[in-house]
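In case you want the letters, here they are:
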Amino acid sequence: MHVRRLDPILVDRIAAGEVVERPAAAVKELVENAVDAGATSIEVTVEAGGRRLIRIVDDGRGMTPEDLELAVERHATSKLPDGDLFSINTLGFRGEALPSIGAVARLSIVTRTAEAETGSSIVVEAGVKGPVRPAPAPKGTRVEVTDLFAATPARLKFLKSDRSEAQAVAEIVKRLAIAHPTIRFTLSGEHITAFTYPPEEPGEHGFLRRLSRVLGAEFHENAMAIGVEREDVRLTGFASLPTYHRGTGAAIHFVVNGRPVRDKLLLGAVRGAYADVMASDRHPVLAIMIDLDPRAVDVNVHPAKTEVRFRDPAFVRGFVVGALKEAITRYAFRASSTGGTRTLESLRPQGVLPSRPAYPHRTHAIRPTSAFASWQAPLDAPERSHTPGSGLAERQTSLPDLASPSADSRATLHEIDPETEEAPLGAARAQLHGTYIVAQTQDGIVIVDQHAAHERLVYERLKRERASSGIARQLLLIPEVVDLDPVDADRVLAEASSLESLGLVVEPFGHGALLVREVPSALAGGRIKALVQDVADALAEWGQGGASPLEERLDAVLSRMSCHGSIRAGRRMRPEEMNALLREMEATPLSGQCNHGRPTYVELKLTDIERLFGRR
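Residues numbered from 1 in each chain as written. Predicted model: local features only at pLDDT ≥ 70, side-chain atom pairs only at ≥ 80, totals over all residues. Heavy atoms only, no water.

Peer 1: Describe in detail the overall build of the chain, supporting the description with residues and values.
Peer 2: Broken down by element type, the chain carries 21 helices and 26 strands. For the chain, with 616 residues in total, the buried portion stands at 46%. Put simply, 69% of the contacts in the chain that link residues at least 6 apart link residues at least 24 apart. Carbon and sulfur atoms provide 53% of the accessible area of the chain, an area that totals close to 32,200 Å². (Helix = DSSP H or I, 4+ residues; strand = E, 2+ residues; numbered from the N terminus. Buried < 20%, exposed > 50% of the residue type's maximum accessible area, 1.4 Å probe, protein only. Contact = heavy atoms within 4.5 Å. Areas by Shrake-Rupley, 256 points an atom, 1.4 Å probe, with all protein chains shown as cover.)

Peer 1: Hey, could you go over the sheet that holds strand 13 (residues 252-256) for me, with residue numbers and the actual values?
Peer 2: With mixed pairing, 5 strands are arranged side by side in an open sheet as 10-11-16-13-14. Every other strand in the sheet has two partners, leaving strand 10 (223-230) and strand 14 (259-261) as the edge strands with one partner each. Strand after strand, the sheet turns through a mean of 15° between neighbouring axes, direction not considered. Judged from the 8 bridges that link them, strand 10 and strand 11 (residues 233-240) form a sheet pairing that is antiparallel. Paired with M224 across the strands is A239, a residue of strand 11. (Pairing = 2+ DSSP bridges. Axes fitted to C-alpha atoms, helices over the stretch in contact; angles between N-to-C directions.)

Peer 1: Tell me about helix 10 (residues 313-330), and name the residues and values.
Peer 2: Its 18 residues place the ends of helix 10 26 Å apart at the C-alpha level, agreeing with the 26 Å of an ideal helix rising 1.5 Å per residue. For helix 10, the set of buried residues is F315, V316, F319, V320, V321, A323, L324, A327 and I328. In the core, the buried residues of helix 10 are packed alongside strand 10, strand 11, strand 13, helix 9 (264-274), strand 16 (286-291) and strand 18 (309-310). (Expected span 1.5 Å × (residues − 1).)

Peer 1: Describe the packing of helix 15 (residues 450-467) against helix 20 (residues 575-587), and please don't skip the residues or the numbers.
Peer 2: Contact geometry for helix 15 and helix 20: axes closest at 10 Å, N-to-C directions at 50°. Taken as axis vectors, helix 15 and helix 20 run oblique relative to one another. You can see that helix 15 and helix 20 cross each other, and the crossing is left-handed. Facing Q450, A453, H454, L457 and R461 of helix 15, the residues of helix 20 in contact are L581, E584 and M585. In terms of residue class, the contact of helix 15 with helix 20 is built from 4 nonpolar, 2 polar and 2 charged. (Parallel < 35°, antiparallel > 145°, perpendicular 65-115°, else oblique. Left-handed = near helix turned anticlockwise from the far one by under 90°. Nonpolar A, V, L, I, M, F, W, Y, C, P; charged D, E, K, R; others polar.)

Peer 1: Quick rundown of the pairing of strand 25 (residues 513-520)? Include the residues and the values.
Peer 2: Two faces belong to every sheet, and in a regular strand the side chains alternate between them. With 7 of 8 residues buried, strand 25 lies mostly within the body of the structure. As defined by bridge partners, strand 23 (residues 473-483) adjoins strand 25 across 7 bridges and the pair is classed as antiparallel. Bridge assignment links R473 to a residue of strand 25, and that residue is P520. Here strand 24 (residues 505-508) pairs with strand 25 via 4 bridges, running antiparallel. From the neighbouring strand, V506 faces strand 25, where its bridge partner is V516. Between strand 24 and strand 25, which pair antiparallel and follow one another directly, the connecting turn spans 4 residues, one of which, G510, has a positive phi of 95°.

Peer 1: Account for the packing of aromatic side chains, naming residues and giving values.
Peer 2: The way to describe two aromatic rings as a pair is by their centre distance and the angle between their planes. The tally for this structure, following the rule as stated, stands at 3 aromatic pairs. When the centroid spacing of 6.3 Å and the interplanar angle of 45° are considered together, the rings of F207 and F238 count as tilted. With F207 in helix 7 (residues 204-215) and F238 in strand 11, this residue pair connects regions lying 31 residues apart in the sequence. Judged by its relative accessible area of 5%, F238 falls in the buried class. (Phe/Tyr/Trp six-rings, centres within 6.5 Å; stacked < 30°, edge-to-face > 60°.)

Peer 1: Describe the nonpolar core, and please don't skip the residues or the numbers.
Peer 2: One finds I42, F254, Y274 and I290 to be the most contacted residues of the largest nonpolar core, which totals 100 residues. By size, the runner-up hydrophobic cluster in this structure holds 27 residues, among which are L462, L504, V519 and L558. (Core = buried A, V, L, I, M, F, W, Y, C linked by side-chain atoms within 4.5 Å.)

Peer 1: Provide a residue-level description of the pattern of salt bridges, including the pertinent values.
Peer 2: Scanning the model with the defined rule gives 28 salt bridges in all. The closest approach of N and O atoms between E190 and R52, which form a salt bridge, is 3.0 Å. Highlighted residues: E190 in the loop between strand 8 (184-189) and strand 9 (195-197) and R52 in the loop between strand 1 (41-47) and strand 2 (53-58), separated in sequence by 138 residues. Judged by relative accessible area, R52 falls into the partly exposed class, the value being 37%. In this structure, R209 and E201 form a salt bridge, with 3.3 Å as the shortest nitrogen-oxygen distance. Overall, R209 belongs to the partly exposed group, its relative accessible area being 34%. Each of E200, E201, R209 and R213 takes part in a single network of salt bridges with overlapping partners. (Salt bridge = Lys/Arg side-chain N within 4 Å of Asp/Glu carboxyl O.)

Peer 1: Please provide a residue-by-residue account of a negative patch on the surface, values included.
Peer 2: Taken together, E229, E231, D232, D293 and D312 make up a surface patch of like negative charges. Considering the arrangement of structural elements, one finds D232 in the loop between strand 10 and strand 11. (Patch = residues over 30% accessible without salt bridge, like charges linked within 9 Å, V, L, I, M, F, W, Y side chains within 5 Å. Lys, Arg positive; Asp, Glu negative; His and termini not counted. Charge placed at Lys NZ, Arg CZ, Asp CG, Glu CD.)

Structure (structure tokens):
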């Protein structure tokens with residue numbers, strides 16, 4: 001078989017397979033063209049998930065008739081004036097989008113510049129270009145794509161449902177809206193919830209408002225500001241508190257020189273920054289803009305331009321990790337506001353009026369809801385007589401069916417020190433179920449999980465000791481023998497030198513057995529067998545995770561170890577112990593979440609509590 005040159009239309013259809021693999025990809029290319037044209041308002045409409053219709057209307061610069069005729073030709077673009085691929089300042093640059101879309105669909109373009117009296121239009125159908133004709137049009141460009149993949153019916157078999165394709169379009173528009181907050185974005189059509197993001201003012205506040213509209217109103221209250229610059233690389237944006245997270249990484253947004261990207265290097269940097277404060281199966285919510293010299297990043301490495309290659313990837317990764325860790329440390333004491341909100345929602349009985357009745361003149365009784373029914377005494381319950389001198393304790397003794405109180409309220413017997421109440425976590429007032437500390441602040445209450453909080457405190461203390469003079473060790477009076485699976489035992493012994501630097505000294509003691517001679521002083525008195533087993537599990541994860549940095553591995557082991565030195569749930573604490581724990585939390589970085597990313601406390605504002613009881 002002889003070599004032959006392919007037909008130009010066939011070439012365009014092959015290119016369309018790379019550039020336009022689904023309707024969302026076509027929307028991305030067309031919206032990027034509108035952004036490059038200087039549009040301040042972009043409207044997107046789709047029907048049948050974009051398969052039947054894609055319409056993009058913008059108020060950008062528009063095109064002259066000569067530019068319009070050339071724009072639908074392959075490899076024709078206005079975005080590389082000097083032909084330098086290493087200095088790209090626009091979103092598009094290949095000149096492939098319009099001819100590729102026109103090769104597999106019917107493409108109609110109507111455009112007008114501000115200087116022209118009339119507009120121009122052109123139609124490209126299945127790769128066949130029509131003539132440029134005069135047409136009435138406002139300033140800007142209107143692009144319509146109908147019957148996508150009609151020229152290549154086989155591609156239609158690989159599309160998902162109209163709803164799935166429409167949702168993919170919405171996700172693309174949202175990512176572009178985050179990247180360009182000063183532009184108005186409007187999306188409408190079938191199978192999607194229409195939205196409009198109004199233009200925001202330039203700067204940090206406008207960007208945060210756009211993020212609140214796209215990522216949810218709760219993000220505003222749980223966002224950490226990021227703004228750092230080093231060696232001509234600037235990072236700006238917002239990232240969520242460690243206790244505010246999602247089940248997937250879909251809410252992680254990076255924008256490199258105005259281009260939304262999903263880059264593995266940057267996603268890995270996020271995981272590394274949050275590894276110490278968030279569970280491995282959870283993901284933060286963030287939007288970070290990276291601005292740097294266009295020559296320091298190559299955007300021409302992916303057909304869809306969703307990935308980039310940095311000239312110095314190690315520096316960029318370290319810069320992102322450092323900026324996120326600095327923000328996490330700076331906001332470390334805060335816990336997400338959603339914890340208190342969820343708590344109030346769980347306490348609010350269904351069907352109970354949220355505030356005072358609107359019609360006070362009505363005097364008929366309101367039937368109690370099912371949520372309150374179990375709290376009320378039966379109407380026909382016999383009266384219990386008691387003498388005027390009888391107290392609460394005497395009345396309780398006459399009710400043998402009641403369980404003993406599960407709240408230790410000894411802290412309420414002491415007067416509150418005004419300075420203590422002014423502290424962020426307030427003054428301890430009670431301990432519930434031997435697990436939760438209730439503290440009173442100036443404007444509400446705080447509920448602390450004593451085990452989760454102390455686990456973080458022990459972990460941070462061990463890390464500080466390791467970084468300074470080394471972790472203090474305590475020699476066991478009687479060394480303890482721990483039996484493990486032989487594979488786990490060998491794994492622990494292989495890392496004996498690293499574990500010794502962490503305060504855990506082990507020796508071989510026969511087949512599948514270890515002799516523990518020393519443990520970290522902060523963990524003295526804990527369950528040694530469980531401690532060694534957790535260390536073995538952490539070492540097993542090292543083998544699964546590949547070559548992690550040594551410091552991250554050591555921190556992972558310390559995180560496991562700290563659990564065994566913390567206050568256990570069920571332990572009753574004295575008032576001074578509870579207040580000491582609260583003060584140490586206030587002075588310890590990252591105390592707002594435990595080692596697994598769960599919140600260590602929730603805060604309920606007094607106004608919310610009053611609203612819960614209908615006082616507001």
